[in-house]
Amino acid sequence: MNNIELLKELCSSNGISGNEKNIRDIIISEIKDYVTEYQIDNLGNIIAFKKGKKRAEKKLMISAHMDEVGFIVTDITSDGLIKFDEVGGIDRRVLLGRRVIIENKTVGVIGVKPIHLCNSDEKKKIPSYDSMYIDIGADSKEEAEKFVSLGDNIAFESFYEDNGFTIKSKALDDRAGCFLMTEMIKSKLEYDMYFTFVTQEEVGLRGSKVAAYTVNPDFAIVLESTTAADVPDVSVEKQVCSVGNGAVIGYMDRRTIYDRGMIERAKILSENNNIKLQFKKAVAGGNDAGSIHESRGGVRTLAISLACRYLHSSLSLIAKSDLDDVYNLALLLSEDICGGRL
Amino acid sequence: MNSNNLSEIKDILFDLCSLSGVSGDEREVSKYCADYLSVYAEGNVEIDEFNNVVAVFGNENADKTILLDAHIDRIGFIVRNIDDNGFISVDKVGGVDLRTALDAPVIVHGKENLNGIICCMPPHLSDGKEDTAAEIDKIHIDLGLPVKRVKELVNLGDDVSFKAKPVELLNNRVTASALDNRAGVCALLRTAAIIGSKNNQNKKPLPFKVVILLSCQEETFAFGAKTRSFDIAPDEAICVDVSFSNQPSVSGQYSNIKLGKGPMLCVSPNLDRDMYNRIMSVAEKLEYEYQTEIAAGTTGTNADYIAVSRSGVKTAVISVPQKNMHTQAEIVDLNDINKTGKLIAAYLCHISECGENDYE
């Protein structure tokens, strides 16, 4: 990858579903000199078109989502504590004690009743959302309201590390996909292609739905981050996919049955080009392919994913080698599609 | 240290919380504190073979010895296994709150400090267990490194601590991991800067011996305080720790304790009531804010051991109020650290009958 620092910038910025502006701004400044044209639609999607050396036989849209899971302020208590709800699906077990940042400026922590004062049930129980709160150090509602308003977005605050083998960060789902698309856009493309950086994936695949309508493609490739469960205490058949074992393709998930022709071509391309490819061992989850493949009269669609541990949390993990495999496979497949060879 | 300079307290506290020092391996933080204390202490400052810091102030030949104790260790984990894929299994060192463990960023203190993540199950495998915290035998750490590299860098017995870079919240509050008890340590460093005369010839050394003990291994078995209080054989001791402030779902006496309202003075059957009264009267006289905490049995601090050292030691406990104890999200108020350090210094000056202005 040429500009891996961009991934850090994308992951370290905050863009909860419905408020992806920070991410959009970074991406636009990154791609504007390389695309033929781009537009921002009513839902905040970036729809970019780049001319290649040749005119495409089939219209292809490559898509990744800009938004990340997070929280939204629902109430401020008389004690100056911030009540919140989840935006996107987040396991409550990864929340207590976490550092968060509200509207990119106010730092807080998710409070925890001291374990010394808990009874034996409380010591093991994760509270429900309605009893969780964020402490920003304010003592009263009036004081808190100087810094926080209802509806403010809340993002996880954590760190980014690239240790040469893996990358640890929040929001790798799906800034990693966005990053790979910027790399494609900066490369010399064989064929004309559309690229959509979409909003609101985590709250129901909404940005991609309208972007697909606008682009009206014949084919779509979704670049995603998908659950890798290759951790201890999970049997091999339940591990879904493994970090470092290459690009991930599934036959089916909870929203989509993927295009068999595209899957078969992906297999051949990976074999012929030394690209590591693995197949999802579970019918689980869903991604923008779910809305894109149902667009208008139907779109032949495939998701090519990065195996990602601990997604939808403050700290997830991907392998750097998988970034290369996903990139290379997506590029080769896109050329076969646009060249009319599929 | 300027008495009004909270920013200096903040800097020291942030340094302290950024240093390692899980019980049993307090070397890094002990070195930092010993260096600091050496600037002020009239007597010897040493780090013993167990990583306790012992600093002698005042007249070391005096008959009377007062011990000021704060534990310097922090809770964490200890590495007990590395599996074939490089995942690390651990056990608890001290009372780690496992409700905060899953997906937590940690630092594995191997041959170098390594960033890790405590593994968590993806949602599709958790099947309705979102209500339940992890158990320690299901806690595994992912360094994101090949197993060969993990085994080169990490040994069984290495420590693991939560990673939570200290940051400032509103109202001079700060959040970090290890504020239990780096906040107490910081308060005693503040006391040291006030009472110590080594760097200031205009100051008079206290007429009795004061030993500051920054003790190891409190979070496990109070080893440092038990053994060093035997050696130091004090006449009086003040133990500085953190205690509970009000926060949601905390009821009873702690619902009345507030951050920023000064140190908590503890009344307990196993503490000396006269000392409590004297410290309280110094606070009253100087109009220093304080709050009262009642511990009906023992206190859960090093004081429980110091008070019964040798033939018994008159002991008091002064605590910095804290929220979210034993998590990565501990919160204290810098004012409380400052007030704790000042009150202890004022008490020492009071019983030495030096002038009131000497301890400002």
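In this text the structure is predicted, and so the values were computed from the model without any measurement.

What about the overall build of chain B?
- When helices and strands are tallied, chain B shows nine helices and 17 strands.
- Taken along its principal axes, the extent of the C-alpha atoms in chain B is 65 × 40 × 40 Å.
- The proportion of buried residues among the 360 residues of chain B is 56%.

Comments concerning the overall build of chain A
- Tallying secondary structure elements over chain A gives eight helices and 17 strands in all.
- Structurally, chain A occupies a C-alpha span of about 65 × 45 × 40 Å along its principal axes.
- Counting the 342 residues in chain A, one finds 56% classified as buried.

Observations concerning the interface of chain A and chain B
- Taken together, the contact between chain A and chain B spans 53 residues of the former and 49 residues of the latter.
- Listing elements by their share of the side of chain A that touches chain B, those giving two or more residues are strand E7 (106–110) and strand E11 (166–169) of chain A.
- At four residues, E7(A) tops the list of elements feeding residues into the side of chain A that touches chain B.
- Its residues assigned to classes, the side of chain A that touches chain B comprises 25 nonpolar, 14 polar and 14 charged.

A word on the environment of B:Cys186
Residue and element names in this part refer to chain B.
- Tracing the chain through its elements places cysteine 186 in helix H5 (residues 179–195).
- Residue classification places cysteine 186 among the buried positions, given that 30 C-beta atoms sit within 10 Å.
- For the pair cysteine 186 and threonine 175, spaced 11 residues apart in the sequence, the C-alpha separation amounts to 14 Å.
- When near neighbours in sequence (up to four residues on either side) are disregarded, cysteine 186 contacts Ile9, Ile12, Leu13, Leu16 and Ile337.

Examining the sheet that holds strand E16 (residues 314–322) of chain B
Residue and element names in this part refer to chain B.
- One open sheet accounts for eight strands, arranged E1-E2-E12-E3-E13-E16-E14-E15; its pairing is mixed. The open sheet has two edge strands with one neighbour each: strand E1 (45–47) and strand E15 (291–294). Here the strands of the sheet are splayed against their neighbours by 25° on average, with no regard to which way each runs.
- Relative to strand E2 (residues 53–58), E1 runs antiparallel, the two being bridged by three bridges. The partner of valine 45 across the bridge, within E2, is alanine 55.

Quick word on the domain arrangement of chain B
All names here are of chain B.
- Split into domains, chain B comes out as domain 1 (6–74 + 177–359) and domain 2 (77–162).
- On a C-alpha basis, the centres of domain 1 and domain 2 stand 32 Å from each other.
- Each partner contributes residues to the interface: domain 1 has 11 residues there, and domain 2 has 11 residues.
- Taken together, the residues of the side of domain 1 that touches domain 2 sort by class into one nonpolar, seven polar and three charged.

Here's the deal with the nonpolar core
- In terms of nonpolar packing, the biggest core is built from 227 residues, with A:Ile82, B:Ala192 and B:Ile212 touching the most fellow members.
- When residues in this core are grouped by element, the largest group, 11 residues, is from H5(B).

Observations regarding the domain arrangement of chain A
All names here are of chain A.
- For chain A, the assigned domains are domain 1 (4–68 + 170–338) and domain 2 (70–156).
- A straight line from the C-alpha centre of domain 1 to that of domain 2 covers 32 Å.
- At the interface, 11 residues of domain 1 touch 13 residues of domain 2.
- Across the side of domain 1 that touches domain 2, the residue classes tally to two nonpolar, six polar and three charged.

Considerations on the sheet that holds strand E9 (residues 159–162) of chain B
All names here are of chain B.
- The strand order around the closed barrel built from six strands is E4-E5-E8-E7-E6-E9, with neighbouring strands paired in antiparallel fashion. Each adjacent strand pair in this sheet contributes to an overall mean axis angle of 45°, direction not counted.
- Pairing geometry for strand E6 (residues 105–109) and strand E7 (residues 113–118), over five bridges, is antiparallel. When the sheet's bridge partners are listed, histidine 109 is paired in E7 with asparagine 113.

Examining the pairing of strand E4 (residues 76–82) of chain B
All names here are of chain B.
- Bridge count between E4 and strand E5 (residues 88–93): six bridges; the pairing is antiparallel. In the strand pairing of E5, isoleucine 78 is matched with aspartate 91.
- Pairing of E4 with E9, which is carried by two bridges, proceeds in the antiparallel orientation. Looking across to E9, one finds that isoleucine 78 is bridged to aspartate 159.

Some words on unusual backbone geometry
- In this chain, A:Asp173 is followed by A:Asp174 through a cis amide linkage whose omega measures 10°.
- Along the polypeptide, A:Asp174 turns up in helix H4 (residues 172–186).
- Looking along the chain, the bond that leaves B:Asp180 and enters B:Asn181 is cis, with omega of 15°.
- The residue A:His312 is not glycine, and still its phi comes out positive at about 65°.
- When you line up the elements, A:His312 lands in the loop between strand E16 (300–308) and strand E17 (316–319).
- We note that B:Asp103 has phi near 65°; this positive angle belongs to a residue other than glycine.

Remarks on the environment of A:Cys338
Residue and element names in this part refer to chain A.
- In this structure, cysteine 338 sits in helix H8 (residues 320–338).
- With 134 residues separating them along the chain, cysteine 338 and glycine 204 place their C-alpha atoms 29 Å apart.
- If we skip the residues at most four places from it in the chain, cysteine 338 touches Ala56, Glu57, Lys58, Leu60, Glu190, Tyr191 and Met193.

Describing the pairing of strand E13 (residues 219–227) of chain A
Residues and elements named next belong to chain A.
- With nine of its nine residues buried, E13 lies for the most part within the structure.
- For strand E3 (residues 60–65) and E13, the ladder comprises four bridges, and the chain directions are parallel. When the sheet's bridge partners are listed, methionine 61 is paired in E13 with alanine 220.
- Strand direction decides the pairing type here: E13 and E16, joined by nine bridges, are parallel. In the strand pairing of E16, alanine 220 is matched with threonine 301.

Definitions and cut-offs
Here the residue index of a chain counts from 1 through its sequence in written order. Chain A is the first chain written and ligand 1 is the first ligand written, with later ones labelled in order. The predicted nature of this model means local features are confined to residues of pLDDT at least 70 and side-chain atom pairs, given and counted, to a pLDDT of 80 or more, with totals for whole chains, interfaces and linings taken over all residues. A run of H or I in DSSP counts as a helix once it spans at least four residues, and a run of E counts as a strand once it spans at least two, with each numbered from the N terminus. Residues are called buried when their C-beta atom has 20 or more other C-beta atoms within 10 Å, exposed when it has 12 or fewer, and partly exposed otherwise; all C-beta atoms are positioned from the backbone. We call two residues in contact when the distance between their C-beta atoms, placed using the backbone, is within 7 Å. Charged means Asp, Glu, Lys or Arg here, nonpolar means Ala, Val, Leu, Ile, Met, Phe, Trp, Tyr, Cys or Pro, and polar covers whatever is left, Gly included. Pairing between strands is defined by DSSP: at least two bridges between the two strands are required. Axis angles are defined between N-to-C directions and span 0 to 180 degrees, where every axis is a line fitted to C-alpha atoms and, for a helix, only to the segment in contact. Residue ranges labeled as domains rest on an automatic or database domain assignment. Residues of type Ala, Val, Leu, Ile, Met, Phe, Trp, Tyr and Cys that are buried and joined through C-beta atoms within 7 Å form what is called a nonpolar core.

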